[in-house]
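Notes for the structure review
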Amino acid sequence: MDGLTISNSNTLLERGQTMKEIRDSQSQVSLPSPSGNEGHKSFADTLKDAVNSVNTQQQEADFKAQEVATGKNHNIPEVMIAAEKADISLKLMVQVRNKIIEAYQEIMKMQV
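Now for a description of the structure that goes with this document. (Residues numbered from 1 in each chain as written. Predicted model: local features only at pLDDT ≥ 70, side-chain atom pairs only at ≥ 80, totals over all residues. Heavy atoms only, no water.)

**Some words on the overall build of the protein**
- A tally of helices and strands in the protein yields four helices and zero strands.
- N-terminal to C-terminal, the α/β element order of the protein is α-α-α-α.
- Counting all 112 residues of the protein, 17% fall into the buried class.
- For the protein, long-range pairs separated by at least 24 residues make up 72% of all intrachain contacts whose partners lie at least 6 apart in sequence.
- When the accessible area of the protein is evaluated, it comes to approximately 9000 Å², of which 58% is carbon and sulfur surface. (Helix = DSSP H or I, 4+ residues; strand = E, 2+ residues; numbered from the N terminus. Buried < 20%, exposed > 50% of the residue type's maximum accessible area, 1.4 Å probe, protein only. Contact = heavy atoms within 4.5 Å. Areas by Shrake-Rupley, 256 points an atom, 1.4 Å probe, with all protein chains shown as cover.)

Following this line, the structure appears as structure tokens:
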């Protein structure tokens, strides 16, 4: 089963790649999709992209906060906006995860 698991998400978070680097590496290797739907993303791919996007925003906010802490950057409003964007993105991702888990649990309750 190729989906978003805790170990997969930890691997994604530990890689520390930017979205551009990930897209570049994915565009170099083009595998045919198993369903034959060329150009359509699977649900797992969409989730992976969302996790990568949130991770990138979190890393950018951390980097900007480090720059302010070390005195390299004095634009505090920019840092606060980046931090809030990252926080909102993370909260949204958590809510989406919760809805996915609820849907899965409802499906598992169904009798066939």
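**Notes on a nonpolar patch on the surface**
- The grouping of Phe43, Leu92, Val96 and Ile100 at the surface amounts to a nonpolar patch, some 370 Å² of accessible area in total.
- Broken down by element, the residue count for the nonpolar patch peaks at three residues, all from helix H4 (residues 76-109).
- A relative accessible area of 55% places phenylalanine 43 in the exposed class. (Patch = residues over 30% accessible without salt bridge, like charges linked within 9 Å, V, L, I, M, F, W, Y side chains within 5 Å. Salt bridge = Lys/Arg side-chain N within 4 Å of Asp/Glu carboxyl O.)

**Quick notes on the packing of helix H3 (residues 43-70) against H4**
- Here H3 crosses H4 at 155 degrees, and the two axes come no closer than 9 Å. The pairing of H3 with H4 is recorded here as roughly antiparallel in orientation. As for the relative orientation of H3 and H4, their crossing is left-handed in sense. Counting all contacts with H3, which are made through Phe43, Leu47, Val51, Val54, Gln57, Gln58, Ala61, Lys64, Ala65 and Val68, the residues of H4 involved are Ile76, Glu78, Val79, Ala82, Ala83, Lys85, Ala86, Asp87, Ser89, Leu90, Met93 and Ile100.
- For the contact of H3 with H4, the class distribution of residues is 15 nonpolar, three polar and four charged. (Axes fitted to C-alpha atoms, helices over the stretch in contact; angles between N-to-C directions. Parallel < 35°, antiparallel > 145°, perpendicular 65-115°, else oblique. Left-handed = near helix turned anticlockwise from the far one by under 90°. Nonpolar A, V, L, I, M, F, W, Y, C, P; charged D, E, K, R; others polar.)

**Some thoughts on the pattern of salt bridges**
- All told, the structure shown has four salt bridges when counted by the stated rule.
- The salt bridge partner of aspartate 87 is lysine 91, with a shortest N-O separation of 3.3 Å. Placement of the pair is aspartate 87 and lysine 91 together in helix H4, with a separation of four residues, close to one helical turn.
- The class of lysine 91 is exposed, set by a relative accessible area of 52%.
- Ionic pairing is found between glutamate 106 and lysine 109, a salt bridge with its closest N-O pair at 3.7 Å. In this pair, glutamate 106 and lysine 109 both sit in helix H4, three residues apart, roughly one turn of the helix.
- Residue classification places glutamate 106 among the partly exposed positions, given a relative accessible area of 48%.
- Accessibility expressed as a relative area gives 61% for lysine 109, which makes it exposed.

**Things to note about H4**
- The end-to-end C-alpha separation of H4 is 50 Å, in line with the 50 Å expected for 34 residues at 1.5 Å each.
- If you follow the buried residues of H4, they end up packed against H3. (Expected span 1.5 Å × (residues − 1).)

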